[in-house]
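Spelled out from the first residue to the last, the chains are:
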Amino acid sequence: MALMLYAHPLSSYCQKALIAFYENDTPFQFRMLGPDDVQTYTEFQALWPLQRFPILVDGDRTILEASIIVEHLDLHYPGSIRLVPQDPKAALDVRMMDRVFDNYVSTPQQKLVFDSIRDEDKRDPHGVADALRMLDTAYGWLDHLMAQREWACGDRFTLADCAAAPSLFYADWSHPIDERFANLRAYRQRLLSRPSFARAVDEARPYRPLFPLGAPDRD
Ligand SMILES: N[C@@H](CCC(=O)N[C@@H](CS)C(=O)NCC(=O)O)C(=O)O
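Undergrad: Break down unusual backbone geometry for me, with residues and values.
TA: Cis rather than trans, the peptide bond between F53 and P54 has omega equal to 15°. The residue P54 is located in the loop between α2 (38-47) and β3 (55-58) in this model. Despite not being glycine, Q51 shows a phi value in the positive range, around 55°. In this fold, Q51 is placed in the loop between α2 and β3. The class for Q51 is partly exposed, based on a relative accessible area of 28%. One non-glycine residue, E65, adopts positive backbone phi at about 80°. Looking at the element boundaries, E65 is found in the loop between β4 (61-64) and α3 (66-76).

Undergrad: Please provide a residue-by-residue account of the site of the ligand, values included.
TA: Surrounding the ligand, one finds S11, S12, Y13, Q51, R52, F53, E65, A66, Q110 and F114. A66 is positioned with one of its backbone polar atoms (N or O) 2.9 Å from an oxygen atom of the ligand. A distance of 3.4 Å separates an oxygen atom of the ligand from a polar side-chain atom of Q110. The fraction of the free accessible surface of the ligand (510 Å²) that becomes covered by protein chains is 77%. Among the cavities detected, the one that contains the ligand is the largest pocket. Its residues placed into classes, the shell around the ligand shows four nonpolar, four polar and two charged.

Rules used throughout
Residues numbered from 1 in each chain as written. Predicted model: local features only at pLDDT ≥ 70, side-chain atom pairs only at ≥ 80, totals over all residues. Heavy atoms only, no water. Helix = DSSP H or I, 4+ residues; strand = E, 2+ residues; numbered from the N terminus. Buried < 20%, exposed > 50% of the residue type's maximum accessible area, 1.4 Å probe, protein only. Near = heavy atom within 4 Å. Polar contact = N/O pair within 3.5 Å; in protein donor to acceptor, adjacent residues only side chain to side chain. Areas by Shrake-Rupley, 256 points an atom, 1.4 Å probe, with all protein chains shown as cover. 1 Å grid on protein atoms, 1.4 Å probe; cavity = no way out; pocket = protein on both sides within 12 Å on 5 of 7 lines; lining within 4 Å. Sits in = over half its atoms within 2 Å of the grid points. Nonpolar A, V, L, I, M, F, W, Y, C, P; charged D, E, K, R; others polar.

Structure follows, in structure tokens:
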């Protein structure tokens, strides 16, 4: 039975999983979560009541969380690009950096987006200020790290880069990475040039008008 990914092309966490599929040309069925397909959304809700996407269905198993989807593919459907190193110590570094991008780049970035779609009187200026501070601190820390690295964990593209690509892509749209962080900006560009991510970005282009903060005319 085909692997089924319930996802939306504009979603950063869905792009993270898509990169893993595209890196190894792993076949799968894309189950589009959109307003026009009530049936697919109803299936998705039944599979994962918390309704966070993507999710992957592999036979009778439902795999939650983008990082775990990438790990699942690497474990059960390995291709020539191993996204989680075979060496457990190297794998731990990759998982650590994956957490950094999710927790300290994507989470504050999503805070900015979700705050912008609230009614004016329900907005959270303190939370937004915290999110901006977290992003700036993360940018600085990552910039220093990326001075010595091609990819997030060294010279190989891994799960950590699957996390980095969409998180830095949208973080820069939401709160631009300052020019003084040249190493981080260059890394974001390298990610954009990676064919797997370039494909995910291209597939999301038609949906850019849906980006709540307004998509910039670039990338
Ligand atoms: N921790 C989840 C986060 C997934 C997530 O936040 N997905 C967003 C789309 S990028 C979502 O489901 N948003 C719907 C909502 O928040 O209601 C993961 O790593 O997969």
